[in-house]
Amino acid sequence: MTRTVRISNDALALACGADHVAAAFAAAGCVVERVSSWGMHWLEPLAEIAGEGFGPLTADDVAAVLAGTSALGIGAIAAHPFIARQQRFTFARAGQTRPLSLDDYAAHGGWAGLDAARRIGPDGVIGEVTRSGLRGRGGAGFPAGIKWTTVAKAPAARKYVVCNADEGDSATFADRMVMEGDPFGLIEGMAIAAHAVGAQMGYIYVRSEYPHAIATLRGALDLAAPIIAPFRIEVRVGAGSYVCGEETALLNSLEGRRGEVRAKPPLPAIEGLFGQPTVVNNVLTLAAVPWIMAHGSAAYAAVGYGRSRGTMPIQLAGNVRYGGLFEAGFGMTLGELVMEIGGGTASGRPVHAVQVGGPLGAYHTPADFHLPFDYESFAAADGLIGHAGITVFDDSADMSAQARFAMQFCAVESCGKCTPCRIGSTRGVEVIDRIRARSGRGADPVESLPQMHNARKGGRSLAEDITLLEDLCETMKFGSLCALGGFTPYPVLSALRNFPQDFGLPAAAAAE
Ligand SMILES: Cc1cc2nc3c(=O)[nH]c(=O)nc-3n(C[C@H](O)[C@H](O)[C@H](O)COP(=O)(O)O)c2cc1C
């Protein structure tokens with residue numbers, strides 16, 4: 001009997017050797033189907049045979065799997081606790097469909113949302129999206145219904161839908177998994193948005209570091225063109241700048257200009273791409289829309305926590321035992337996510353810090369494990385959930401080095417348009433270096449600078465440097481043009497507040 005084996009062709013699975021495993025199964029006479037990833041990254045390459053999972057596999061394991069003697073079986077994949085505990089709306093098809101198969105997509109509920117949208121018309125769609133409570137998944141959590149209403153009402157002959165697929169945050173890969181694994185889901189969401197606001201043209205702005213996503217999207221757009229017509233979508237490839245994920249810098253980049261942030265107002269919803277009203281939404285925001293249209297806003301809004309409705313594809317990464325994509329309704333605690341779902345650190349050492357929300361997110365300690373995962377709870381705790389990337393660190397991490405990294409990241413990635421971000425971040429690195437050098441961490445930059453700079457150091461105490469750093473962070477927070485400079489203080493000050501000993505301060509300073 002010929003057996004069918006499903007193996008993911010997601011970039012992570014490929015990096016782990018999925019092609020070799022697939023070739024070994026094919027050589028053994030199996031029919032191999034390349035599907036999207038289930039998102040259990042520690043098990044990739046994962047093979048599925050009649051619903052049973054085996055992983056992580058190498059080509060050498062294939063014979064034992066087929067002989068029924070492999071110790072790498074995990075039982076029924078759908079019953080695995082990592083999958084069974086999830087509530088998958090956006091990732092409902094993950095692991096189960098071939099990314100470029102229109103048949104698979106239609107057989108798993110594809111296009112039902114677009115059909116419903118066309119039936120109820122633009123106002124009906126905007127009403128449904130508004131009532132669902134869907135908020136932007138790119139970071140800011142702005143209500144999608146309000147944005148779409150603004151674009152729909154703006155008087156203009158040309159309007160655009162732009163999908164933000166820059167996905168620059170550390171520890172994030174959910175956008176990539178949608179684009180590589182379920183590209184029609186994103187295309188359907190964009191087509192629904194275009195129908196709602198009256199847009200004729202759409203662009204997907206993807207980072208160049210995602211070559212597999214780019215190729216899959218292009219293939220999917222060719223196949224879906226007749227279905228979404230007369231709406232058209234093109235893929236545009238960025239050049240690797242973090243700040244080009246900021247929506248106005250992204251629009252500049254799309255127009256062929258420097259990726260510099262624009263002052264707001266005007267909002268992109270009023271004056272966006274080529275000066276026309278534009279919906280700019282994240283991949284996950286748009287990919288959530290088909291489910292809402294197919295199942296109704298009430299079903300979506302029934303899930304979630306507080307003002308954060310629906311589900312969030314949470315990404316577990318860093319030093320974590322079970323890394324991967326975990327979609328759940330808002331409201332699970334940070335502790336549940338890190339310790340129960342993620343299984344604690346991969347190194348087996350104690351969890352020391354957890355950064356939530358990418359490189360501009362705060363460093364939390366296990367004392368914050370009670371926090372429900374939602375926009376408001378994290379904001380109230382001086383943090384943010386951003387694009388829902390969670391990076392775990394064990395107790396070998398030096399948190400003053402992490403604070404320095406945050407400042408340096410800002411300095412490197414700054415578009416340079418505003419002073420607090422451009423110069424503040426460079427001065428911030430210097431101040432942190434001085435603080436660190438006092439406790440023997442890193443080199444003292446001032447000692448190696450010319451006389452003039454050296455004089456500046458004259459007599460400044462550790463306490464004065466800490467105050468200087470805090471003042472600088474305040475200036476960046478309130479004076480920057482966008483959240484790159486504006487949010488860099490989150491990782492810096494949370495590291496200082498939560499891990500004072502790593503800055504050469506007494507641990508008791510944490511309580512202050
Ligand atoms: C420095 C910076 C980088 C950003 N990077 C991204 C990104 O990679 N992807 C994204 O969707 N939003 C990113 N954003 C947020 C966007 O500016 C914008 O809020 C988002 O695309 C709106 O879509 P949403 O409402 O669906 O979240 C970034 C913002 C800043 C300030």
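The preceding data block contains the structure.
Because the structure is predicted, anything quoted here is derived from the model rather than measured. (Residues numbered from 1 in each chain as written. Predicted model: local features only at pLDDT ≥ 70, side-chain atom pairs only at ≥ 80, totals over all residues. Heavy atoms only, no water.)

Asks: Is there a simple way to explain the overall build of the protein chain in this structure?
Replies: When helices and strands are counted, the protein chain shows 21 helices and 16 strands. The dimensions of the protein chain, computed from C-alpha atoms along their principal axes, are 80 × 65 × 40 Å. For the protein chain, buried positions account for 56% of its 512 residues. Side chains of the protein chain give 42 positive and 50 negative charges; the mean places of these two sets differ by 5 Å. (Helix = DSSP H or I, 4+ residues; strand = E, 2+ residues; numbered from the N terminus. Buried < 20%, exposed > 50% of the residue type's maximum accessible area, 1.4 Å probe, protein only. Lys, Arg positive; Asp, Glu negative; His and termini not counted. Charge placed at Lys NZ, Arg CZ, Asp CG, Glu CD.)

Asks: I would appreciate a short explanation of the site of the ligand in the present structure.
Replies: Taken together, 19 residues form the shell around the ligand, and within it Gly-138, Asn-164, Asn-281, Asn-282 and Thr-285 come nearest. At 2.9 Å, a backbone N or O of Glu-247 approaches an oxygen atom of the ligand. Contacts to the ligand include Asn-281, whose side-chain N or O atom sits 2.8 Å from an oxygen atom. Relative to its unbound accessible area of 610 Å², the ligand is 90% covered by the protein chains. Contributing elements (two or more residues each) for the shell around the ligand: β9 (278–282) and α20 (483–487). For the shell around the ligand, the element with the most residues is β9, which contributes three residues. (Near = heavy atom within 4 Å. Polar contact = N/O pair within 3.5 Å; in protein donor to acceptor, adjacent residues only side chain to side chain. Areas by Shrake-Rupley, 256 points an atom, 1.4 Å probe, with all protein chains shown as cover.)

Asks: Got a minute to help me understand unusual backbone geometry in this structure?
Replies: What you tend to see is this: most non-glycine residues have negative phi, and most peptide bonds are trans. Cis peptide bonds are those with omega within 30 degrees of zero, and the linkage from Glu-44 to Pro-45 qualifies with -5 degrees. Checked against the element boundaries, Pro-45 lands in the loop between β2 (31–35) and β3 (47–49). The omega torsion across Ala-229 and Pro-230 is 5 degrees, close enough to zero to call that bond cis. Looking at the element boundaries, Pro-230 is found in the loop between α10 (211–228) and β8 (232–237). One non-glycine residue with positive phi stands out, namely Ala-171, at about 65 degrees. Topologically, Ala-171 is positioned in the loop between β6 (160–165) and α8 (174–181). Taking the relative accessible area as the measure of exposure, Ala-171 reaches 16% and is therefore buried. With a phi angle near 50 degrees, Phe-274 is a residue other than glycine that sits in the positive phi range. Counting through the fold element by element, Phe-274 comes out in the loop between α11 (247–254) and β9. Phe-274 gets classed as partly exposed once you look at its relative accessible area, which sits at 42%.

Asks: What is the right way to look at the pattern of salt bridges in this model?
Replies: Where side chains of opposite charge bring their charged atoms close, a pairing between them can arise. Using the criterion set out here, one finds 28 salt bridges in the structure. For Lys-264, the salt bridge identified is with Glu-247, shortest N-O distance 2.8 Å. Of this pair, Lys-264 sits in the loop between α11 and β9 while Glu-247 sits in helix α11, and the two are 17 residues apart along the sequence. Residue class for Lys-264 comes out partly exposed when judged on its relative accessible area of 41%. A salt bridge links Asp-465 to Arg-460, with the shortest nitrogen-to-oxygen separation between them at 3.7 Å. Classification of Asp-465 as buried rests on a relative accessible area of 0%. Its relative accessible area of 26% is what places Arg-460 among the partly exposed residues. Residues participating in the shared-partner salt-bridge network are Asp-398, Arg-436, Arg-441 and Asp-502. (Salt bridge = Lys/Arg side-chain N within 4 Å of Asp/Glu carboxyl O.)

Asks: I keep staring at the environment of Pro-489 and nothing clicks. Help me out?
Replies: With respect to the secondary-structure elements, Pro-489 resides in helix α21 (residues 489–498). A relative accessible area of 3% means that Pro-489 is categorised as buried. In this structure, the C-alpha to C-alpha distance between Pro-489 and Arg-262, residues 227 residues apart in sequence, is 21 Å. Excluding anything up to four places from it in sequence, Pro-489 contacts Cys-473, Met-476, Lys-477 and Ser-494. (Contact = heavy atoms within 4.5 Å.)

Asks: Which parts of the structure should I look at to understand the environment of Ala-117?
Replies: Structurally, Ala-117 is set in helix α6 (residues 112–132). Residues Ala-117 and Ala-191, 74 residues apart in the sequence, show an inter-C-alpha distance of 9.4 Å. Beyond its immediate sequence surroundings of up to four residues, Ala-117 is in contact with Val-125, Ile-192, His-195 and Met-293.

Asks: Is there a simple way to think about the sheet that holds β3 in this case?
Replies: Each strand in a sheet pairs with another by means of backbone hydrogen bonds, the pair being arranged parallel or else antiparallel. Read across the sheet, five strands follow the order β2-β1-β3-β4-β5 without closing on themselves; strand pairing throughout is mixed. Of all the strands in the sheet, the pair left with one neighbour each is β2 and β5 (73–76). The mean angle between the axes of side-by-side strands here comes to 25 degrees, regardless of whether they run parallel or antiparallel. (Pairing = 2+ DSSP bridges. Axes fitted to C-alpha atoms, helices over the stretch in contact; angles between N-to-C directions.)

Asks: Sorry, what's going on with the packing of helix α9 (residues 183–197) against α10 here?
Replies: The relative placement of two packed helices comes down to the angle between their axes together with the axis-to-axis distance. Orientation of α9 relative to α10, taken along the N-to-C sense of each, is 45 degrees, at an axis distance of 9 Å. Considered as vectors, α9 and α10 are oriented oblique to each other. Relative to α10, α9 is oriented so that their crossing is right-handed. Where α9 abuts α10, its residues Pro-183, Phe-184, Leu-186, Ile-187 and Ala-191 lie against Thr-216, Leu-217, Ala-220, Leu-221, Leu-223, Ala-224 and Ile-228. Here the residues of the contact of α9 with α10 sort into 11 nonpolar, one polar and no charged. (Parallel < 35°, antiparallel > 145°, perpendicular 65-115°, else oblique. Left-handed = near helix turned anticlockwise from the far one by under 90°. Nonpolar A, V, L, I, M, F, W, Y, C, P; charged D, E, K, R; others polar.)

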